Each structure stands twice: as C-alpha cells, then as structure tokens.
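Now for the letters of each chain:
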Amino acid sequence: MKSGRGAMRGDYTPTAEFYELVADRQVRSSGPPLRAALSDVDVDAGVVLEIGAGTGRVTEVIADALPGARIVAAEPSPPMRAILTSRVAANDDLRGRVTITAQSAPDLDLPPRLAAVVIFGVVGHLDASERTRLWRRVSERLVPGGIVVVELMGVRTSRQIPQTLSLTARLGRQRYEWWVAGRPAGPDLMRFTNTWKVHRDDVLVREVSDSYEWYTVDTELIAAESGLPTRPVPSVVSEVAPPELAVLVK
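These numbers were taken from a predicted model, which means no experiment stands behind them.

K.L.:
Honestly, the overall build of the chain in this entry has me stumped. Any pointers?
P.N.:
When helices and strands are tallied, the chain shows seven helices and 11 strands. Over its C-alpha atoms the chain spans a radius of gyration of 18 Å, differing by no more than 12% from the 18 Å that the globule rule assigns to 250 residues. Taking as baseline every contact in the chain between residues at least 6 positions apart, the subset at least 24 positions apart corresponds to 69%. When the accessible surface of the chain is totalled, it reaches about 10,800 Å², and 50% of it is carbon and sulfur. Taking the average location of the 30 positive side-chain charges in the chain and that of its 31 negative ones, the two points are 2 Å from each other.

Next up, the structure:
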C-alpha cells in the first residue's frame, strides 16, 4: 500500500493512518515466503537492509527469521517511521539489532557489507534509471551468496483496473473499507488510487483518498537491470495468497 513516489521522499499523508489495517494481511501473505527465502542467509557476513520498512511489520518477520542479524530499516515517511520507531522501541530484541534511517532509495547510505536486502512495496516507485542505480550500488556491497528479495505488485503491463474493494476491517463501532483502482499513465506506468471509507454504524463518516504512480516491473526486467541471476521463490503453505516475489542472488 505504499502511497507513491511522494512516499519515497517522505510524504505519506493522508492515508498513513490506515496502513496498520493492511499490515496484518501483508505479513500473513508475505511472511512465509520471505522467511523461506531468507533461510540460508549468513548473518555473520554482513548487515540485512530493509528498504521501505513502513511501520515495521516486515522488519519483525526479518528479525524473527534471522536471529542475531543486524538490520538497517530505511523508511523516509515520518508518520510511517514514527510507528516503526515505536515498534522497535517496544521490543528489547529489536532495540538491540535494528537501526532506523530516514533515507530513501536509491541514494541511501549503504553498510559496507550486505548479507541480504529486502525491498517490499518500493521498487515500482523508482523509474528505470533509479532502479539501475540502486541495483548497482546494492550489488557492490552484497556479499557472495547474498540475496535481494523484491516484492512485486503483479502488474506486468499498464492497464485499466476498476475500483475494487481490497480490504474490510472493523475497529469498535467503525468499519473501514480500502478501495483500489488503477489506470495507465504511460507505456510502463500505472497510476493507482487508494480510497479509504470509514463507516460508523453503517453511515459513511469519512472518505480519504490518495494516488501514486507505479512502474510495471517483473522478475525478468529487474534481473536484466541488475545483472544478477534469480533463483526460484520457495514454495510455502500460506493462509493468504502469497505476493509475487523475486529473489536475486550475488
């Protein structure tokens, strides 16, 4: 649910307040394949970098999958980073292992040695030149055998996507609905619109929307851009349909 190229530069309003309503489903879908992909990472070889850490739910998955790993969690959005910081501060294990940075891709400072890189909800916000620069910089620091795990949106071509109810959640008397629509914004570019509708006792009391652009990338494209080979994503059993992931290997 990353909210656009503005989010990469630190502007995550007005829908940041709703992100945690999506995060549980994201972790249930993304968590199992991510854990499997990270299973053979050598945490003694370098730092694990998470680009686009959001509110820290995936950060928790990484930390649990890789006990003892040193993690750098990059999140440029102030409201998202506030929740990330709160989550890390409330967990004694994370407090000792997770370093939070406000920098954004592709120009964030990189640790000297990277054992793994996790990029969820970010790569489509970068254009081809930004992605190529990111892959080059990451590849230079990635240790032999290190991996890059990339979450893709599954949108391989620019096309019209009608407004669709993506999620419903309830808190107290209120029901929250997340509607998503998309339309072509260029040959390899989509514009998505998120709309959150808040109902209280079945009466619509608030509606908040934002939009963002997303480049239509897939595994073959990022492998070609990065020059890194791919390996199959581990097959896992999940209660929620897993997302499209790509795993690049140094």
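Following the structure, the description resumes.
K.L.:
What should I look at first to understand the sheet that holds strand β6 (residues 161-171) in this one?
P.N.:
Strand pairs in the sheet, formed through backbone hydrogen bonds, run parallel or antiparallel to each other. The strand order across the open sheet built from four strands is β6-β7-β8-β9, with neighbouring strands paired in antiparallel fashion. The open sheet has two edge strands, β6 and β9 (203-215), and neither has a second partner. Each strand axis lies, on average, 20° off the axis of its neighbour in the sheet, ignoring direction. Examined bridge by bridge, strand β8 (residues 189-200) and β9 share 12 bridges and lie antiparallel to one another.

K.L.:
Mind showing me how you'd approach the pattern of salt bridges here?
P.N.:
A side chain of one charge can pair with a side chain of the opposite charge when the charged atoms of the two come close. Evaluation of the coordinates by the stated rule reveals 20 salt bridges. Residues R35 and D64 are paired through a salt bridge, measuring 2.5 Å at the closest nitrogen-oxygen approach. Taken together, the residues R35 in helix α2 (residues 19-37) and D64 in helix α3 (residues 57-65) connect sequence positions 29 residues apart. Using a relative accessible area of 48% as the deciding quantity, one classes D64 as partly exposed. With a shortest N-O distance of 2.7 Å, E244 and R156 are connected by a salt bridge. In this pair, E244 sits in strand β11 (residues 244-249) while R156 sits in the loop between β5 (142-152) and β6, placing the two residues 88 residues apart along the sequence. A single network of salt bridges, built from pairs that share partners, joins E20, D24, R28, R57, E60 and R87.

K.L.:
Would you mind showing me how to read the nonpolar core here?
P.N.:
Here is a general trend for soluble globular proteins: nonpolar side chains tend to be buried in one another's company. The biggest cluster of nonpolar side chains holds 45 residues, and the ones touching the most others in it are I51, V117, W135 and V148. Sort the elements by how many residues they give to this core and β8 lands first, with five residues. Setting aside residues no more than four positions away along its own chain, V148 makes contact with V117, I119, W135, V138, L142, A246, V247 and L248. One finds V27, L34, A63 and V88 within the second-largest nonpolar core, a separate group that totals 29 residues.

K.L.:
It is not clear to me how the side chain of T101 should be interpreted in this structure. Could you clarify?
P.N.:
Here T101 is to be found in strand β3 (residues 98-101). Once you skip the residues sitting within four places of it in the chain, T101 turns out to touch V72, A73, A74, E75 and R81.

K.L.:
Help me understand the packing of aromatic side chains in this model?
P.N.:
To describe a pair of aromatic rings, you give the distance between the ring centres and the angle between the ring planes. Applying the stated criterion to the full structure yields four aromatic pairs. Residues F192 and Y212 carry aromatic rings whose centres are separated by 5.5 Å and whose planes lie at 25° to one another, so their mutual orientation is stacked. Of this pair, F192 sits in strand β8 while Y212 is found in strand β9, placing the two residues 20 residues apart along the sequence. Given the relative accessible area of 6%, Y212 is considered buried. The structure contains a cluster of three or more aromatic residues connected by ring pairs, namely F18, Y176, W178 and W196.

K.L.:
Whenever I open this one, the pairing of β6 confuses me. Can you help?
P.N.:
The two faces of a sheet get side chains in turn, since along a regular strand they alternate between them. For β6 and strand β7 (residues 174-186), the ladder comprises eight bridges, and the chain directions are antiparallel. Residue R170 lies in a different strand from β7, and its bridge partner there is R175. Between β6 and β7, which pair antiparallel one after the other, the connecting turn spans two residues, and G172 there sits at a positive phi close to 60°.

K.L.:
Sorry, what's going on with the pairing of β8 here?
P.N.:
Counting buried residues along β8, nine of its 12 residues qualify, which places the element largely inside the surrounding structure. Note: β7 against β8, 12 bridges, orientation antiparallel. Its bridge partner lying in β8, G182 is registered against F192. Between the antiparallel neighbours β8 and β9 lie two residues, among them D201 with a positive phi of about 55°.

About the thresholds
Residues numbered from 1 in each chain as written. Predicted model: local features only at pLDDT ≥ 70, side-chain atom pairs only at ≥ 80, totals over all residues. Heavy atoms only, no water. Helix = DSSP H or I, 4+ residues; strand = E, 2+ residues; numbered from the N terminus. Rg over C-alpha atoms; globule rule 2.2 N^0.38 Å. Contact = heavy atoms within 4.5 Å. Areas by Shrake-Rupley, 256 points an atom, 1.4 Å probe, with all protein chains shown as cover. Lys, Arg positive; Asp, Glu negative; His and termini not counted. Charge placed at Lys NZ, Arg CZ, Asp CG, Glu CD. Pairing = 2+ DSSP bridges. Axes fitted to C-alpha atoms, helices over the stretch in contact; angles between N-to-C directions. Salt bridge = Lys/Arg side-chain N within 4 Å of Asp/Glu carboxyl O. Buried < 20%, exposed > 50% of the residue type's maximum accessible area, 1.4 Å probe, protein only. Core = buried A, V, L, I, M, F, W, Y, C linked by side-chain atoms within 4.5 Å. Phe/Tyr/Trp six-rings, centres within 6.5 Å; stacked < 30°, edge-to-face > 60°.

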